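Each chain, written out:
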Amino acid sequence: LIWNYIQENPFNKIKTPKVTKSFPVYLSEAELILILNKTEDQLLKNIFTTAFFTGMRLNEILNMKWDWINFSQDIITVKNSDDFKTKSKRERIIPIHQKVKSILLNYFLLGNQPKNDLIFYRKKNIKLNGEFISKQFKESVRAAALNDDIHFHNLRHSFASNLVQRGVNLYVVKELLGHENIKTTQIYSHLTQSSLSNAVCLI
């Protein structure tokens, strides 16, 4: 088609199979606490908590540096750099939840923190292994006897789900998550229970 050998893409007439869609699994703050109670390593606890209260992807958290943090405005700016790119290639701003601020301040007050230094690490400026973090999270989920379908990425779903249930507009959630398309964010639309109930009551 690009080389003008044919006039129409024949695959346009083929219907793609429908993929089954399930609602994303999400955690309540009480369930997060159960997971944290089954996690001995404080560094892991801090990473799990940060994911739950920011909606950041694991890769974003592990690449987060001090120049992303603005304590005076209480915001995290997820930035692109030479060695890291966000999934959408766009930067975004996330307000800092008080529990995340407490974690960051504890690290910050330990001493001088150069702006290009990683925040979460075991050996200075050596990135943590994302697969290892995910496996440790899974172990804590199982130790807490929670739904085995819960994975680290569900912390991001939890952030979005909890916002939607509190009445936050989907377009705001879209920006906080860094979604390129509102259709991606609409997987949480079923959680606007009050709107659904009000609509049924009108019948």
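Analysis parameters
Residues numbered from 1 in each chain as written. Predicted model: local features only at pLDDT ≥ 70, side-chain atom pairs only at ≥ 80, totals over all residues. Heavy atoms only, no water. Phe/Tyr/Trp six-rings, centres within 6.5 Å; stacked < 30°, edge-to-face > 60°. Buried < 20%, exposed > 50% of the residue type's maximum accessible area, 1.4 Å probe, protein only. Helix = DSSP H or I, 4+ residues; strand = E, 2+ residues; numbered from the N terminus. 1 Å grid on protein atoms, 1.4 Å probe; cavity = no way out; pocket = protein on both sides within 12 Å on 5 of 7 lines; lining within 4 Å. Points joined across faces, edges and corners; volume = space filled by probe spheres on them. Nonpolar A, V, L, I, M, F, W, Y, C, P; charged D, E, K, R; others polar. Expected span 1.5 Å × (residues − 1). Arc of directions from axis to C-beta. Contact = heavy atoms within 4.5 Å. Pairing = 2+ DSSP bridges. Polar contact = N/O pair within 3.5 Å; in protein donor to acceptor, adjacent residues only side chain to side chain.

Engineer: Help me understand the packing of aromatic side chains in this model?
Structural biologist: Any pair of aromatic rings gets described here by the distance separating the centres and the angle formed by the planes. A complete count under the given rule lists ten aromatic pairs for this structure. When the centroid spacing of 4.9 Å and the interplanar angle of 80° are considered together, the rings of Phe52 and Phe53 count as edge-to-face. Like Phe52, the residue Phe53 is buried in the burial classification. Look at Phe71 and Phe108: their rings are 5.4 Å apart centre to centre, the planes differ by 65°, and that puts the pair in the edge-to-face class. You can see Phe71 sitting in the loop between β1 (69-70) and β2 (75-78) and its partner Phe108 sitting in helix α4 (residues 98-108), a full 37 residues away along the chain. Here Phe108 falls in the partly exposed class, since its relative accessible area comes to 35%. Each member of the aromatic cluster is reached from another via a ring pair, and the members are Phe48, Phe137 and Phe152.

Engineer: How do you make sense of empty space enclosed by the protein when you look at a structure like this?
Structural biologist: Any empty space left between the atoms is revealed when a probe the size of a water molecule rolls over them. Applying the stated criterion across every chain yields a total of one cavity of 30 Å³ or more. Computed from the structure, the largest cavity encloses a volume of approximately 30 Å³. What lines the largest cavity is Asn63, Lys65, Trp68, Lys79, Ser81 and Phe84. Class assignment of the residues belonging to the lining of the largest cavity gives a composition of two nonpolar, two polar and two charged.

Engineer: Help me out: how do you make sense of helix α5 (residues 130-143) in this one?
Structural biologist: A turn of α-helix holds 3.6 residues, and therefore any two residues three or four places apart point the same way. In this model α5 runs 20 Å from its N-terminal to its C-terminal C-alpha over 14 residues, within 8% of the 20 Å that 1.5 Å per residue would give. Looking only at α5, the buried set comprises Ile133, Phe137, Lys138, Ser140 and Val141. Seen end-on, α5 carries its buried residues on one side only, within an arc spanning 160°. Across from the buried face of α5, at angles greater than 90 degrees, the exposed residues are Glu131, Lys135 and Arg142. As for α5, its buried residues are in contact with α1 (29-37), α2 (42-54), α3 (58-63) and α6 (153-165). Following α5 by one or two positions, Ala145 has its phi on the positive side, about 60°.

Engineer: Got a minute to help me understand unusual backbone geometry in this structure?
Structural biologist: Trans peptide bonds make up most of the peptide bonds, and negative phi angles are found at most residues other than glycine. Even without being a glycine, Asp74 presents a positive backbone phi close to 55°. Along the chain, Asp74 falls in the loop between β1 and β2.

Engineer: When you look at the sheet that holds β2 in this model, what are you seeing that I'm missing?
Structural biologist: In a beta sheet, neighbouring strands are held together by backbone hydrogen bonds and run either parallel or antiparallel to one another. Strand order across the open sheet formed by three strands is β1-β2-β3, with antiparallel pairing between neighbours. Whereas interior strands pair on both sides, the edge strands pair on one side only; in this sheet they are β1 and β3 (92-95). Of the strand pairs in this sheet, β2 and β3 are connected by four bridges, and their pairing is antiparallel. Counted as the bridge partner of Thr77 is Ile93 from β3.

Engineer: Just checking my understanding: could you explain α2 for this structure?
Structural biologist: With 13 residues, α2 extends 18 Å from end C-alpha to end C-alpha; this agrees with the ideal 18 Å at 1.5 Å per step. Buried residues dominate α2, accounting for eleven of its 13 residues. For α2, the N-terminal capping position is held by Asp41, with its side-chain oxygen 2.8 Å away from the main-chain nitrogen of Leu43. Trailing α2 by a residue or two, Gly55 shows a phi angle of about 75°, which is positive.

Engineer: What is the right way to read the side chain of Thr185 from this model?
Structural biologist: Here Thr185 is to be found in helix α8 (residues 182-185). Those residues within four positions of Thr185 in sequence are excluded, and the remaining contacts are Leu170, Val173, Lys174 and His179.

Engineer: In this structure, what is going on with the layout of surface pockets? I would like to understand it.
Structural biologist: For the largest pocket, the calculated volume is near 320 Å³. Along its surface, the largest pocket is lined by 13 residues, and Phe53, His97, Phe159, Asn162 and Leu163 are the ones closest to its centre. Secondary-structure elements contributing two or more residues to the lining of the largest pocket are α2, β3 and α6. Ranked by the residues each element gives to the lining of the largest pocket, the list is headed by α6, at three residues. By residue class, the composition of the lining of the largest pocket is eight nonpolar, three polar and two charged.

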